[in-house]
Amino acid sequence: MNIHEYQAKEILRNHGVPVPPGEIATTPDEAAEIARRYGGAVVIKAQVHAGGRGKAGGVKLAKDADDAREKATAILGLTIKGLPVEKVLVTPAEEIASEAYVGIIVDRGSKAAVFMVSAEGGVDIEEVAVTNPDAIRKLAVDPRYGLLPHQAYWLATELYDDVKQQRAAAAIMRQLYDSFVDAGASLAEINPLITTPSGEVKAIDAKMNIDDNELFRLPEIEALRDETSEEPSEVLAREAGLTFIKLDGEVGCCVNGAGLAMATMDLVNYYGGSPANFLDIGGSSNPQKVVDALRIITSDPNVKVILFNIFGGITRCDDVANGIVTATQQTQLSIPIVIRLTGTNEELAMQILEGAGFSAMTDMDAAVERAVNLAKGEGK
Ligand code: GDP
Ligand code: MN
């Protein structure tokens, strides 16, 4: 789950990270009113689940309240990476002497949370990663001990020469790490971590992604969810209890089991197609899940063909077959469907499908190849 900058900043603030104040506006007048209260220059910042807002015109300096109204009008009219801007953060402008990058991600290779820091932070950090990777220093944190004081200090000395700034940054490293753990994050970033001309160290941008599997135990984090900023199909899928991720391809995949779903997507790519989604209908025997899955997949206009790939174990093939028949009775499909079923109650499933005018296959390669060809408008 993604959360907004202002929400991530609130988590950091609660852990002691120095973060400038800020308030949310949904209209230009609200932005002007907040700016008037702060007095002086403010920064207006689009709150969307996308990086690179600065480069997309979503972060603007405003010298006073009237300017804040004008800048907020412009930003609230933007669409950044396909996401319309509904809210802006209004925050007092900081004077910047330097911009550093501090991030933590879960790294499967290290089996740990890994810190990445760079003195060359700011909007070009992705470029630094490509052209000057040595400017990014990394440190894996042993989850048994957490971030130890000397490690936090080492990270800080990679960023600053001044001892006061090193101490301030070391504290921020620990606070960021605690924020990351407490929020169940898979990513937490401060970019930029600035120094001001008077030598203070502050976080003026923050990003956090939350691990969905942590949400059941963190209701206060789940409450930060902003459904208006999420992919509508992913919202529907979550409500239906399906594991679903929307992708950009044209083969709609309906599969049971995450491993088989991954294998299916690989095979779609292998045969020259590209998957429209990852979808795991799970291990249960519930025809309703199939009905929901079909509704969600077919709502994507990019989808040219639907591919069912079911390996019956606990999931019974006849239940899936009934789901397909029910779903297609409720809404007429306008695109072809390729069904591959094997395993528990396979024969019964074939009878049900044939009775409703569908044919099904048992070979996974053949089914995927056929689906890819249909998506390209070849074969049938
Ligand atoms: P991002 O582009 O989505 O990462 O948004 P940021 O909040 O990181 O802002 C992008 C850039 O705008 C920063 O790297 C800064 O250079 C600049 N910026 C953001 N806030 C301020 C501010 O308060 N004062 C000044 N002078 N520049 C700022
Ligand atoms: Mn940033």
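Residues numbered from 1 in each chain as written. Chains lettered and ligands numbered in written order. Predicted model: local features only at pLDDT ≥ 70, side-chain atom pairs only at ≥ 80, totals over all residues. Heavy atoms only, no water.

Helices and strands together make up the secondary structure of the protein, namely 13 helices and 18 strands. Counting only C-alpha atoms and orienting by the principal axes, one finds that the protein spans roughly 80 × 50 × 40 Å. Within the span of the protein, comprising 380 residues, buried residues form 49% of the whole. Of all intrachain contacts in the protein linking residues separated by at least 6 positions in sequence, the fraction that spans at least 24 positions is 66%. Taking the 35 positively charged and 55 negatively charged side chains of the protein as two groups, their mean positions are separated by 2 Å. (Helix = DSSP H or I, 4+ residues; strand = E, 2+ residues; numbered from the N terminus. Buried < 20%, exposed > 50% of the residue type's maximum accessible area, 1.4 Å probe, protein only. Contact = heavy atoms within 4.5 Å. Lys, Arg positive; Asp, Glu negative; His and termini not counted. Charge placed at Lys NZ, Arg CZ, Asp CG, Glu CD.)

A few words on the sheet that holds strand β3 (residues 59-62). The 4 strands are arranged β1-β6-β2-β3 in an open sheet whose pairing can be described as antiparallel. Each of the sheet's edge strands pairs with one partner strand only, and the pair in question is β1 (23-25) and β3. Here the average twist between neighbouring strands, direction ignored, is 30°. Direction of pairing for strand β2 (residues 42-46) relative to β3: antiparallel, over a ladder of 4 bridges. Of the residues in β3, the one forming a bridge with Ile 44 is Lys 60. Across the sheet, helix α2 (residues 28-38) lies against β1, β2 and β6 (88-92), angled at about 150° from β1, the strand it touches most. With respect to the sheet, helix α3 (residues 65-76) is in contact with β2, β3 and β6, its orientation differing from that of β3 by roughly 165°. (Pairing = 2+ DSSP bridges. Axes fitted to C-alpha atoms, helices over the stretch in contact; angles between N-to-C directions.)

Those donors, Asn 191 (O) and Asp 205 (OD), are the protein atoms that reach the manganese ion (ligand 2), and they lie 2.1 to 2.2 Å from it. Residue Asn 191 is located in strand β10 (residues 185-195), and its partner Asp 205 is located in the loop between β11 (201-203) and β12 (206-210); the two are separated by 14 residues in the primary sequence. Asp 205 carries the same exposure label as Asn 191, and that label is buried. (Donors = N, O, S within 2.8 Å, 3.2 Å for Na, K, Ca; no water.)

Among the secondary structure elements, Asn 309 is positioned in strand β16 (residues 305-312). Accessibility expressed as a relative area gives 1% for Asn 309, which makes it buried. Among residues more than four places away in sequence, those in contact with Asn 309 are Cys 254, Val 255, Asn 256, Leu 260, Thr 264, Arg 340 and Met 364.

Among the structural elements, Ser 198 can be located in the loop between β10 and β11. Once the C-alpha coordinates of Ser 198 and Gly 282 are considered, the two residues, 84 residues apart in sequence, prove to be 56 Å apart.

Let us now look at helix α13 (residues 364-375). Along its 12 residues, α13 runs 17 Å from first to last C-alpha, staying within 8% of the 16 Å computed at 1.5 Å per residue. All buried positions along α13 are accounted for by Met 364, Ala 367, Val 368, Ala 371, Val 372, Leu 374 and Ala 375. The buried side chains of α13 occupy one side of the element, clustering within an arc of 160° when seen end-on. For α13, the elements touching its buried residues are β14 (251-255), α9 (258-270), β16, β17 (337-343) and β18 (360-361). For α13, the capping residue at the N-terminal end is Asp 363, with a side-chain oxygen 3.3 Å from the backbone nitrogen of Asp 365. (Expected span 1.5 Å × (residues − 1). Arc of directions from axis to C-beta. Polar contact = N/O pair within 3.5 Å; in protein donor to acceptor, adjacent residues only side chain to side chain.)

Before going further, it helps to examine the site of ligand 1. Not every one of the 16 residues close to ligand 1 is listed here, only the nearest: Lys 45, Arg 53, Gly 54, Glu 94 and Glu 99. In this structure, Lys 45 approaches ligand 1 through a side-chain N or O atom, which is 2.5 Å from an oxygen atom. For ligand 1, an oxygen atom lies 2.7 Å from a polar atom in the backbone of Gly 54. Computed on the free molecule, ligand 1 has an accessible area of 560 Å², of which 80% lies beneath the protein chains in the complex. Residue assignment for the shell around ligand 1 shows that the elements contributing at least two residues are β2 and β10. (Near = heavy atom within 4 Å. Areas by Shrake-Rupley, 256 points an atom, 1.4 Å probe, with all protein chains shown as cover.)

Our focus in this paragraph is the domain arrangement of the protein. Here the domain parsing of the protein yields domain 1 (22-92), domain 2 (98-222) and domain 3 (231-375). If you average the C-alpha positions of domain 2 and of domain 3, the two centres end up 41 Å apart. (Domains from an automatic or database assignment.)

Another point: the nonpolar core. Judged by nonpolar contacts, the single largest core of 41 residues is most densely connected at Phe 115, Leu 147, Met 173 and Leu 193. Examining the composition of this core, we find that 7 residues originate from one element, helix α6 (residues 163-182), more than from any other. Residues in contact with Leu 147, not counting those within four places in the same chain, are Phe 115, Leu 139, Val 141, Ala 152, Leu 155, Met 173, Arg 174 and Tyr 177. Formed by 32 residues, the second largest nonpolar core is a distinct cluster that contains Leu 279, Ile 310, Met 350 and Phe 358. (Core = buried A, V, L, I, M, F, W, Y, C linked by side-chain atoms within 4.5 Å.)

Here the focus is the pattern of salt bridges. Tallying each qualifying case throughout the model produces 25 salt bridges. For Glu 94, the salt bridge is made with Lys 202, and the minimal N-O distance between the two is 3.0 Å. With Glu 94 in the loop between β6 and β7 (98-107) and Lys 202 in strand β11, the pair connects residues that are 108 residues apart, well separated along the chain. Residue Asp 300 is joined to Lys 246 by a salt bridge in which the shortest nitrogen-to-oxygen separation is 3.4 Å. Taken together, the positions of Asp 300 in the loop between α10 (287-298) and β16 and Lys 246 in strand β13 (residues 243-246) put the pair 54 residues apart, joining distant regions of the chain. For Asp 300, a relative accessible area of 12% corresponds to the buried category. (Salt bridge = Lys/Arg side-chain N within 4 Å of Asp/Glu carboxyl O.)

For Ser 299, the position within the fold is in the loop between α10 and β16. Expressed as a C-alpha distance, the spacing of Ser 299 and Ser 233, which sit 66 residues apart in the sequence, is 7.8 Å.

Right, let's talk about helix α11 (residues 317-330) for a bit. Relative to the 20 Å expected for 14 residues at 1.5 Å per residue, α11 spans 20 Å between its end C-alpha atoms, a close match to the ideal helical length. By the criterion of burial, α11 is predominantly enclosed, with 10 of the 14 residues buried. Listed in full, the buried residues belonging to α11 are Cys 317, Asp 318, Asp 319, Val 320, Ala 321, Gly 323, Ile 324, Val 325, Ala 327 and Thr 328.

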